[in-house]
Amino acid sequence: RENVTFADHSLATDSVFSETQLISCRNVLIYFNKKLQDRAFGLFHDSLCHRGFLVLGSKETLDFSAYSKNFVALVKQERIYRKS
Ligand SMILES: C[S@@+](CC[C@H](N)C(=O)[O-])C[C@H]1O[C@@H](n2cnc3c(N)ncnc32)[C@H](O)[C@@H]1O
């Protein structure tokens, strides 16, 4: 825990966070409409470093997002993506 920074961050209203190697965002996007999902995917894309990892919940996907072409599905069934 000493090596982790805890901070509040709203995907609906806040901006990009600092350069990140891994984002785990599970079971949040299922509650968002398409516009808000795309906003979140844009934040993830702009926050991740090159080849950074994005992990979604089992019912969530990048497939229909405008950002799908910017990620590769590493383990599709586990919703593990890597920024390309
Ligand atoms: C169903 S819970 C999932 C919690 C956990 N990730 C899991 O998989 O067990 C949904 C989470 O989304 C968070 N949440 C709701 N609106 C949010 C927003 N605008 N920005 C960031 N997180 C949000 C809630 O605080 C809650 O922790």
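These numbers come from a predicted model, not from an experiment.

### Focus: the overall build of the chain
In terms of helices and strands, the chain carries 1 helix and 4 strands. When the helices and strands of the chain are read in sequence order from the N terminus, they spell out β-α-β-β-β. Computed over the C-alpha atoms, the radius of gyration of the chain is 12 Å, within 12% of the 12 Å expected from 2.2 N^0.38 for a compact globule of 84 residues. Along the longest, intermediate and shortest principal axes, the C-alpha atoms of the chain span 35 × 25 × 20 Å. Counting all 84 residues of the chain, 32% fall into the buried class.

### A look at unusual backbone geometry
For Asn27, which is not glycine, the phi torsion reads 65° and is therefore positive. Not every positive phi belongs to a glycine, and Arg51 is a case in point at roughly 65°. Residue classification places Arg51 among the partly exposed positions, given a relative accessible area of 45%.

### Description of the pattern of salt bridges
Scanning the model with the defined rule gives 2 salt bridges in all. Put simply, Asp38 and Lys34 hold a salt bridge, and the shortest N to O gap is 2.7 Å. Here Lys34 and Asp38 lie together in helix α1 (residues 34-47), a separation of 4 residues that amounts to about one turn. Assessed through its relative accessible area of 44%, Lys34 is described here as partly exposed. Residues Asp63 and Lys76 are paired through a salt bridge, measuring 3.4 Å at the closest nitrogen-oxygen approach. Of this pair, Asp63 sits in the loop between β2 (48-56) and β3 (71-75) while Lys76 sits in the loop between β3 and β4 (80-83), and the two are 13 residues apart along the sequence. On the basis of relative accessibility, which here comes to 40%, the residue Asp63 falls in the partly exposed class. Taking relative accessible area as the criterion, Lys76 reaches 46% and is therefore assigned partly exposed.

### Focus on the pairing of strand β1 (residues 20-25)
Relative to β2, β1 runs parallel, the two sharing 5 bridges. Bridging across to β2, Leu22 finds its partner in Phe53. Assessed by its sense of winding, the connection that carries the chain from β1 through α1 to β2 is right-handed.

Rules and cut-offs
The residue numbers shown here count from 1 along each chain, following its written sequence. A pLDDT threshold of at least 70 governs which residues receive local features in this predicted model, and a stricter bar of 80 or more applies before side-chain atom pairs are shown or counted, although totals over entire chains, interfaces and linings include all residues. Side-chain metrics rest on all non-hydrogen atoms present in the structure, leaving aside hydrogens and water. Secondary structure elements follow DSSP: runs of H or I no shorter than four residues count as helices, runs of E no shorter than two count as strands, and numbering proceeds from the N terminus. For the radius of gyration, the atoms used are the C-alpha atoms, and the globule rule reads 2.2 Å times the number of residues raised to 0.38. Burial here depends on accessible area, computed with a 1.4 Å probe over protein chains only, as a share of the maximum for the residue type. Under 20% is buried, over 50% is exposed, and the range in between is partly exposed. Any Lys or Arg side-chain nitrogen located within 4 Å of an Asp or Glu carboxyl oxygen qualifies as a salt bridge. Strand pairing is assigned whenever DSSP detects at least two bridges linking the two strands. Look down the strands so they point away from you; if the path from the first strand over the helix to the second goes clockwise, the crossover is right-handed.

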